[in-house]
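Chain residues, written in single-letter form:
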Amino acid sequence: MSTRLCALAASVALLTALAVPAASAGPGAAGGTGGTGSTGGTGGPGAADSGAPTVNLATNPGFELPSPNLTDWGSVPGWNCTGGPAEAAVTTTAAHSGTSALTVTPANADSIGECAQTVAVQPDTTYTASAWVRGNFVHLGATGTGHDVAPAWTETTSGGWQRLTTRFTTGPNARSIRLYVHGWYQQGPFSVDDVRVDGPAPAPAVAAGSIPTTDKVVFFTVDDGWQRTPEAERFIADHHLPITAFPLPMPAGTDPDFSKRVTAVPGSSVQDHSVSHSDLSKLPLEQQQVEICDARDTMTRLFGTAPVVFRPPLFTWNTGTLQAAANCGIRTVLTADADFSWGASNIWHPGLLQPGDVVLMHWTDNLAADLPRALAAAEAAGLKPAGLVDHLH
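The present account deals with the structure reproduced in this document. In this text the structure is predicted, and so the values were computed from the model without any measurement.

### Remarks on the nonpolar core
Soluble, globular proteins show a tendency: their nonpolar side chains are buried together. Core analysis: the biggest nonpolar cluster contains 31 residues, and Trp79, Cys115, Leu179, Val192, Val195 and Val197 have the highest contact counts within it. For this core, the secondary-structure elements that each account for two or more residues are strand S5 (101–104), strand S6 (115–120), strand S7 (126–134), strand S8 (136–143), strand S10 (162–169), strand S11 (176–182) and strand S12 (190–200). Once residues lying within four places of it in the same chain are set aside, the contact partners of leucine 179 are Trp79, Cys115, Ala116, Gln117, Val119, Ala129, Leu140, Gly141, Ala142, Val195 and Val197. In terms of nonpolar packing, the next biggest core, distinct from the first, is built from 24 residues, Ala338, Met361, Leu371 and Ala378 among them.

What follows is the structure in structure tokens.
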């Protein structure tokens, strides 16, 4: 027996021992002979009495949403797949429902073809994850719940669609979980459709144009990232300026070292600005969630820390934006109350800058001139630039 088949046999034995049969393939299962599932613990505090409505928190659960502009070619919106576009594709035929499903072809014998996404959750709360799958030894599970959770899986769906379901209760410190689907070594392609993570949603993010504080501080924020000049970088370093950067994924991915250098001052951070810089108020919540979550995933991958602040492009947002942001783990949807971009000196309230004001600028070839003007305005008001995230509550 090959090493991979030995691993398969051992995994089957282990999962069978761990799994609870009550959470196996759901109604309508198409001939799965393995069909074992798991429950990740019973309902904890808040699981049954939260009073919040049950919603599907998965991003792009039916693989029907288009990729935003300025995204990586061939990416699956809302999902991160091992091996990238070469390993996973959205098909338009033989879906479980709608017109599309995800089909994953493991790239080689050493790959199980995993696709995953981060889902924001509430602590001490019970959730149910499910997906319709087709193929051999397909797995559905969650990590980061705060408790050990064995995946739901099926040995085979016999060519049809089968529903996998698993239930878990989050720990007291869990704010997000990692939902995953994957096949197994040398078991061929598999398909996934109609993914669900059912449970109460996180509370909507808070909209703000400034940060409430009695400290004599102001916050410098810089958007987009298309034009990166050594003069602006040098000014930031020489004046030890904490900068909150809101780059788009494409320019950030083109030169991530620049963003790392200009946010090296303590208190600096890289946050979320969407994928395509579109007017999100014109998009349904589901597409807004893809825009925010995909940008979050890129920033996390590039810079090692998940964003907690979202800057809506064009400063346009609606109630759907606040919920979509929360579903991506964002706490604050932040605009600004002063604009010093492109030679401007606009303060959108009477008088000088005030404690907690957020100043908008952009990564342009004029930023090296905008920064000293903003710094002079802060000094005239007796304020110092400070780290924005450090002042969030």
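Resuming the write-up.
### Digging into the side chain of serine 268
Secondary-structure assignment places serine 268 in the loop between helix H4 (256–262) and strand S16 (269–270). Within the local environment of serine 268, its side chain forms a polar contact with the backbone nitrogen of isoleucine 243, the two atoms lying 2.8 Å apart. Among the polar contacts listed, one links the side chain of serine 268 to the backbone oxygen of valine 265, at a separation of 2.9 Å. Sequence-distant contacts of serine 268, that is, excluding residues within four places in its chain, are made with Leu241, Pro242, Ile243, Val262 and Thr263.

### Quick look at the pairing of S6
Counting buried residues in S6 gives five out of six residues, a clear majority hidden from the surface. In this structure, strand S3 (residues 80–81) lies alongside S6, joined through two bridges in antiparallel fashion. From the neighbouring strand, cysteine 81 faces S6, where its bridge partner is cysteine 115. Both S6 and S11 contribute to a ladder of six bridges, which runs antiparallel. When the bridges of S11 are listed, alanine 120 appears paired with serine 176.

### With respect to the sheet that holds strand S9 (residues 152–156)
The five strands lie next to each other as S3-S6-S11-S8-S9, forming an open sheet whose pairing is antiparallel. Only two strands of the sheet have a single neighbouring strand rather than two, namely S3 and S9.

### Structural notes on the environment of proline 242
With respect to the element layout, proline 242 can be found in the loop between helix H2 (230–238) and strand S15 (243–247). Here proline 242 falls in the buried class, since its relative accessible area comes to 9%. Sequence separation between proline 242 and valine 265 is 23 residues; the distance between their C-alpha atoms is 5.4 Å.

### Observations regarding the packing of helix H5 (residues 285–303) against helix H6 (residues 319–327)
Packing of H5 against H6 brings their axes to within 8 Å, and their N-to-C directions diverge by 40°. The angle between H5 and H6 places the two elements in the oblique class. Relative to H6, the crossing made by H5 is right-handed. When H5 is examined against H6, the residues Leu285, Gln288, Gln289, Ile292, Cys293 and Arg296 are found in contact with a partner set consisting of Gly320, Thr321, Gln323, Ala324, Ala325 and Asn327.

### Describing the state of the cysteines
Applying the stated criterion to the full structure yields two disulfides. Note that cysteine 293 is cross-linked by a disulfide to cysteine 328, the S-S spacing being 2.0 Å. Its S-S torsion of approximately -100° makes the covalent link between cysteine 293 and cysteine 328 left-handed. With cysteine 293 in helix H5 and cysteine 328 in the loop between H6 and strand S18 (332–334), this pair connects stretches of sequence that are 35 residues apart. Relative accessible area serves as the criterion here: at 2%, cysteine 328 is assigned to the buried category. In the protein chain, the bonded cysteines, numbered by position in the sequence, are linked as 1-2, 3-4.

### Let's talk about helix H7 (residues 367–380)
In this model H7 runs 20 Å from its N-terminal to its C-terminal C-alpha over 14 residues, within 8% of the 20 Å that 1.5 Å per residue would give. Among the residues of H7, Leu367, Asp370, Leu371, Ala374, Leu375, Ala377 and Ala378 are the ones counted as buried. For H7, the angular spread of buried residues about the axis comes to 160°, placing them on one side. Across from the buried face of H7, at angles greater than 90 degrees, the exposed residues are Glu379 and Ala380. On its buried face, H7 sits against strand S14 (217–224), H2, S15, strand S21 (358–362) and strand S22 (384–385). Just downstream of H7, glycine 382 is the residue with a positive phi angle, here 75°.

### Here's the deal with unusual backbone geometry
Of note in the backbone geometry, leucine 70 takes a positive phi value of approximately 70° without being a glycine. Looking at where leucine 70 falls in the secondary structure, it is placed in the loop between strand S2 (54–56) and S3. A positive phi is found at histidine 240, a non-glycine position, where the angle reads about 55°. When its relative accessible area of 52% is taken as the criterion, histidine 240 is described as exposed.

### With respect to the pattern of salt bridges
According to the stated counting rule, one finds eight salt bridges in the structure shown. Aspartate 223 is paired through a salt bridge with arginine 311; the nearest N and O atoms lie 2.8 Å apart. Separated by 88 residues along the polypeptide, aspartate 223 in strand S14 and arginine 311 in the loop between strand S17 (309–310) and H6 bring together distant segments of the chain. Across the pair, exposure class does not vary: aspartate 223 and arginine 311 are buried alike. The closest approach of N and O atoms between aspartate 297 and arginine 296, which form a salt bridge, is 2.9 Å. Accessibility classification places aspartate 297 together with arginine 296 in one group, the buried group.

### Let's talk about the packing of H2 against H7
Between H2 and H7, whose axes approach to 8 Å, the crossing angle comes to 30°. Taken together, the axes of H2 and H7 lie roughly parallel to each other. Of H7, the residues touching H2 (which contributes Glu231, Ala232, Phe235 and Ile236) are Leu367, Ala368, Leu371, Pro372 and Leu375. For the contact of H2 with H7, the class distribution of residues is eight nonpolar, no polar and one charged.

About the criteria used
- Throughout this description, residue numbers start from 1 for each chain and increase along the sequence as written.
- Per-residue local features of the predicted model are confined to residues with pLDDT of at least 70, and side-chain atom pairs are confined, for both listing and counting, to 80 or more; whole-chain, interface and lining totals are unaffected and use all residues.
- The side-chain values count all of the structure's non-hydrogen atoms but skip hydrogen atoms and water molecules.
- Residues enter a nonpolar core if they are buried and are Ala, Val, Leu, Ile, Met, Phe, Trp, Tyr or Cys, with the set joined through side-chain atoms within 4.5 Å.
- Between buried and exposed lies partly exposed: a residue is buried under 20% and exposed over 50% of the maximum accessible area for its type, with that area taken using a 1.4 Å probe on protein chains only.
- Note on conventions: DSSP H or I runs of at least 4 residues are helices, E runs of at least 2 residues are strands, and numbering of each starts at the N terminus.
- Note on definitions: a residue-residue contact is assigned when non-hydrogen atoms from the two residues lie within 4.5 Å.
- By the criterion applied in these results, polar contacts are pairs of N or O atoms within 3.5 Å in which, for protein atoms, one can donate a hydrogen and the other can accept it, and in which residues neighboring in sequence qualify only through two side-chain atoms.
- Each pair of strands is called paired provided DSSP finds at least two bridges between the two strands.
- Lines fitted to C-alpha atoms define the axes here, with helix axes fitted over just the stretch in contact, and angles between the N-to-C directions of these axes take values from 0 to 180 degrees.
- Roughly parallel here means an angle under 35 degrees, roughly antiparallel means over 145, roughly perpendicular means 65 to 115, and every remaining angle is called oblique.
- For a crossing to be left-handed, the near helix must be turned anticlockwise from the far one by less than a right angle; the clockwise case is right-handed.
- In this description, a disulfide is simply a cysteine sulfur pair whose atoms lie within 2.5 Å.
- A helix is expected to reach a length of 1.5 Å times the quantity of its residues less one.
- Here the arc refers to the directions that run from the helix axis out to each C-beta atom.
- Here a salt bridge means any side-chain nitrogen of Lys or Arg lying within 4 Å of a carboxyl oxygen belonging to Asp or Glu.
- Here the term charged refers only to Asp, Glu, Lys and Arg, the term nonpolar to Ala, Val, Leu, Ile, Met, Phe, Trp, Tyr, Cys and Pro, and the term polar to all other amino acids, Gly among them.

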